[in-house]
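Observations on the model geometry
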Amino acid sequence: EEDLNLQIESTSFNAQATLTLRIEENGTVIRSTDIIVQSAPLLVAHHLQPAERMMSMSYDGQGGNQSFVKPFENVLGDRFTSYRLEDYNFDVWLQDEFEFANTFTPTTQNQFAIDSIRDRGLAYLSEEELLSPDMSVGTWGNTYPNSQDSFGNLEASPPVQVGDTHYPFGRIYYGKWREDRLTKKLRTFLDEQEYQSPVELDITFLCVGHVDEFVTFLPDPTAPQGFRMMITDVNEGYDFLESLPGNYLLPLYGQTYRYGDVETILSDTSLRRLNEEIQELYIEPNIERFKTEFGLTDEEIIRIPMIFEAPRGCSGYAAALIPGVVNMAVFTHDSGESADAFIPDPFFRSNLGSTEGDAYIAVFEELLPASITPHWVDDWEWYHTQLGEVHCGSNTIRKPIENWWEF
Amino acid sequence: MLHLLLSMALANPDLHNLETDYPEQYERRWNLSPYPNRIGQLHFVGSDLISPDWIPLYLERYHQKGESTDVRRALLYLMHRCDPNLHPSILRSYESESVELRATIVELTLPNRFDASLFNLSSRDSSESVQRELLLAISSNPDLPIKPIRNALQSKDVDVLQAAIRAIHWREAVELIPDLIEQLNHPSTFIQLKALYALSKLDRAEAKRQVKRRRFDQSTDHHVSHLAKGLMQD
């Protein structure tokens with residue numbers, strides 16, 4: 001007598017089937033038993049999962065983005081990979097093209113890249129650079145894509161307790177923009193995975209319309225559930241500005257936005273009206289949803305000073321004026337309790353060559369959990385002025401940390 | 001290629017000087033492609049491009065090189081970053097341009113100043129893109145007449161309506177409050193939300209009456225109900 005080790009390959013994720021085992025003797029069934037088998041779900045990675053590798057696009061030609069790439073190289077070394085931007089039609093938005101997930105069993109582990117229907121310059125990168133025996137690639141949906149089909153708009157929270165329900169792999173969240181939503185086939189598929197029960201947020205105030213523009217999660221072992229949520233808050237933004245002298249100089253903002261000092265920002269009544277509307281109609285209601293759908297308390301929420309503006313080409317919809325610091329890349333350490341964070345440099349200072357004396361960085365670093373080591377990244381020209389930030393221009397492969405079959 | 005560049009440079013002494021004094025930079029800027037931003041719009045990337053000194057070259061590309069609409073639009077944004085006042089030749093060409101460029105010219109000009117000719121042309125423009133940009137400009141520029149708002153409230157385009165509602169709010173056009181209340185009947189909860197918010201800023205008491213009458217606190221749209229409940233708690 002020997003144990004029978006049977007491995008079954010499924011063509012579906014999180015699917016159940018009945019396996020009937022029969023012992024026959026001379027054509028007669030003498031014993032039969034039914035076993036329920038379940039294939040592994042596909043689980044979108046969250047920020048408490050340790051990072052294995054981070055990646056971005058790189059261009060070292062004249063006017064290239066090396067000031068963006070270098071901090072990653074310097075800190076992460078061989079845990080960072082860059083791909084040639086000129087090979088992919090100068091599409092820098094690596095976060096938007098695919099979302100990393102995991103599928104695993106007690107004996108096997110597989111990384112997975114959910115490839116978006118977005119299909120712009122990066123359309124073939126996943127097949128050319130990622131597909132391997134250890135990394136599968138798959139796409140759900142074939143409709144004409146909208147901005148919400150980009151995966152800066154598909155994220156997962158860390159594990160949360162919502163009333164009596166524990167979500168050991170967190171909950172997926174994504175945004176809808178008026179009637180524009182994540183493509184239906186992908187929404188249906190994510191719902192079918194069950195473990196991360198998705199939540200859809202209304203983000204119609206944004207020009208690009210991705211959830212990573214205004215919220216993120218960071219590991220913090222001192223927090224009740226081991227993490228803090230960081231979310232933009234324009235009231236905090238205006239309080240921050242009003243704490244500074246009016247003649248506090250902002251040369252880079254002057255060049256790009258014609259806000260040469262703090263006073264010119266504060267005196268722009270249209271800008272203030274835009275921000276008040278964003279806070280009241282979208283940020284506060286979404287904070288409420290994070291509390292009800294993710295079980296968060298005020299103690300777990302860090303409100304980050306932010307000011308939005310209506311950029312050119314955006315029909316009055318908004319993007320970050322101060323580089324969106326919540327749109328950061330989080331390289332979580334193996335403990336799952338700390339991380340290196342690559343954060344858009346706000347350049348809220350006169351001396352652009354050093355972060356010394358930057359009033360915004362001083363305030364923000366006070367709010368950052370002690371578990372996070374910040375690395376300030378110059379994303380101004382290639383990303384911030386192009387309606388994205390550091391998270392949008394990077395992507396991260398993570399290790400799974402829980403066993404789905406135990407829940 | 002060099003012969004063509006030289007010919008153009010001789011016809012325009014500013015171009016000629018740029019080509020003579022900075023040949024490598026000239027060649028680079030003449031051939032540089034814009035890149036797609038996060039929503040796929042083409043924009044030129046590089047702070048070294050931002051200088052009023054190079055506007056003659058960008059203008060030449062805009063008018064003469066036979067670029068696509070998307071590239072020409074990127075050139076408009078680039079020139080605007082160099083100097084907030086677009087060159088008069090751009091405004092003179094308004095009527096002959098595509099809808100995308102007409103909307104962009106309005107977007108880049110009227111929020112900053114009242115150009116009567118451009119205002120009149122854009123007010124008569126039937127394109128929804130142009131109407132939207134005109135209304136957004138009216139929202140933020142107190143020197144622009146508010147007359148186009150009322151007609152825009154008849155539009156079936158949600159972005160035009162939103163811009164009109166914003167203009168009523170930001171310009172404090174209280175005489176248009178009845179039109180704002182009418183928008184609370186709109187089938188789109190997005191427009192209801194925007195109209196209710198604008199009303200709450202112009203006449204909070206009336207906004208509270210409308211919330212009670214229409215039971216907006218029970219709206220299936222979380223953002224409408226959130227706003228309504230906030231008003232009822234006053």
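The rules behind these values
- Residues numbered from 1 in each chain as written.
- Chains lettered and ligands numbered in written order.
- Predicted model: local features only at pLDDT ≥ 70, side-chain atom pairs only at ≥ 80, totals over all residues.
- Heavy atoms only, no water.
- Helix = DSSP H or I, 4+ residues; strand = E, 2+ residues; numbered from the N terminus.
- Rg over C-alpha atoms; globule rule 2.2 N^0.38 Å.
- Buried < 20%, exposed > 50% of the residue type's maximum accessible area, 1.4 Å probe, protein only.
- Contact = heavy atoms within 4.5 Å.
- Salt bridge = Lys/Arg side-chain N within 4 Å of Asp/Glu carboxyl O.
- pLDDT = per-residue confidence, 0-100.
- Buried area = accessible area lost by both parts, 1.4 Å probe.
- Pairing = 2+ DSSP bridges.
- Axes fitted to C-alpha atoms, helices over the stretch in contact; angles between N-to-C directions.
- Disulfide = S-S within 2.5 Å.
- Phe/Tyr/Trp six-rings, centres within 6.5 Å; stacked < 30°, edge-to-face > 60°.
- Lys NZ or Arg CZ within 6 Å of the ring centre and 35° of its normal.

Let us look at the overall build of chain B. If you tally the helices and strands in chain B, you get 15 helices and two strands. Here chain B has a C-alpha radius of gyration of 23 Å; the compact-globule value for 234 residues is 17 Å, and the former is much larger. Expressed as a percentage of its 234 residues, the buried residues of chain B come to 58%. Considering only intrachain contacts with a sequence separation of at least 6, the fraction spanning at least 24 residues in chain B is 59%.

To continue, consider the pattern of salt bridges. Residue and element names in this part refer to chain A. Across all of its chains, the model carries 32 salt bridges over all chains by this definition. The closest approach of N and O atoms between Arg-118 and Asp-91, which form a salt bridge, is 2.9 Å. Of the two residues, Arg-118 is situated in the loop between strand E7 (109-115) and helix H3 (125-130) and Asp-91 in the loop between strand E5 (80-84) and helix H2 (94-97); the sequence distance between them amounts to 27 residues. When sorted by exposure, Arg-118 lands in the same class as Asp-91, which is buried. With its nearest N and O atoms 3.5 Å apart, the salt bridge here joins Glu-293 to Arg-289. In this pair, Glu-293 and Arg-289 both sit in helix H8 (residues 269-294), four residues apart, roughly one turn of the helix.

Across chain B, the average pLDDT comes to 93, with 95% of residues at 70 or higher. Quick note on the complex model: pTM equals 0.94, ipTM equals 0.92.

Residue and element names in this part refer to chain A. Burial in helix H1 (residues 66-76) covers these residues: Gln-66, Phe-68, Val-69, Pro-71, Phe-72 and Leu-76. Residues of H1 that are buried sit in contact with strand E4 (51-58), E5, strand E19 (329-332), strand E20 (339-344), strand E21 (372-377) and strand E22 (394-398). Gly-77 lies just past H1 and shows a positive phi near 60 degrees.

This paragraph deals with unusual backbone geometry. Although it is not a glycine, Phe347(A) sits at a positive phi angle of roughly 50 degrees. Considering the arrangement of structural elements, one finds Phe347(A) in the loop between E20 and helix H9 (359-367). Although it is not a glycine, Arg215(B) adopts a positive phi angle of roughly 55 degrees.

Once that is clear, we can look at the interface of chain B and chain A. With 44 residues of chain B at the contact, the number on the chain A side is 46 residues. Roughly 4,100 Å² of surface becomes buried between chain B and chain A when both sides are summed, with 50% attributable to carbon and sulfur atoms. Counting every contact that joins chain B to chain A gives seven salt bridges. In this structure, Glu381(A) and Arg81(B) form a salt bridge, with 3.1 Å as the shortest nitrogen-oxygen distance. Elements represented by at least two residues in the side of chain B that touches chain A include exactly strand E1 (35-36), helix H5 (69-82), helix H7 (99-109), helix H9 (128-140), helix H11 (158-170), helix H13 (189-202) and helix H15 (222-232) of chain B.

Another point: the sheet that holds E4(A). All names here are of chain A. Taken in spatial order, the three strands of this open sheet run E5-E4-E22, and their pairing is mixed. A strand with exactly one partner marks an edge of an open sheet, and here the two such strands are E5 and E22. Going across the sheet, the axis of each strand differs from the next one's by a mean of 25 degrees, ignoring polarity. The pairing of E4 with E5 spans five bridges and is classified as parallel.

Turning our attention to the state of the cysteines. Residue and element names in this part refer to chain A. Inspection of the entire model under this criterion finds one disulfide over all chains. Linked covalently through their sulfurs, Cys-207 and Cys-314 form a disulfide whose S-S length is 2.0 Å. The chirality of the disulfide connecting Cys-207 with Cys-314 is left-handed, given an S-S dihedral of about -80 degrees. Of this pair, Cys-207 sits in the loop between strand E13 (199-202) and strand E14 (215-219) while Cys-314 sits in the loop between strand E17 (308-309) and strand E18 (319-320), and the two are 107 residues apart along the sequence. In this pair, the class of Cys-207 matches that of Cys-314, namely buried. Cysteine Cys-392 is unpaired, with the sulfur of Cys-207 as its nearest cysteine sulfur at 12 Å. The class of Cys-392 is buried, set by a relative accessible area of 0%.

In this section: the packing of aromatic side chains. To describe a pair of aromatic rings, one takes the distance between the centres and the angle between the planes. Applying the stated criterion across every chain, the model contains 43 aromatic pairs over all chains. The interplanar angle of 50 degrees and the centroid separation of 6.5 Å between the aromatic rings of Phe348(A) and Tyr360(A) together place this pair among those described as tilted. Placement of Phe348(A) in the loop between E20 and H9 and of Tyr360(A) in helix H9 is noted, with a sequence separation of twelve residues between them. Per residue, the accessibility class of Phe348(A) equals that of Tyr360(A), and both read buried. Measuring from ring centre to ring centre gives 5.2 Å for Trp382(A) and Tyr35(B), while their planes differ by 20 degrees; the resulting arrangement is stacked. Remark: Tyr35(B) occurs in strand E1 and Trp382(A) occurs in the loop between E21 and E22; the pair is interchain, linking two chains. Per residue, the accessibility class of Trp382(A) equals that of Tyr35(B), and both read buried. Ring pairing ties together the aromatic residues Phe240(A), Tyr248(A), Tyr253(A), Tyr257(A), Phe347(A), Phe348(A), Tyr360(A), Phe364(A), Trp376(A) and Trp380(A), which thus form one cluster. The ring of Phe294(A) has Arg171(A) sitting right over it, with the charged end atom 5.9 Å from the ring centre. Over the ring of Tyr62(B) we find Arg72(B), and its NZ or CZ is 4.3 Å from the ring centre.

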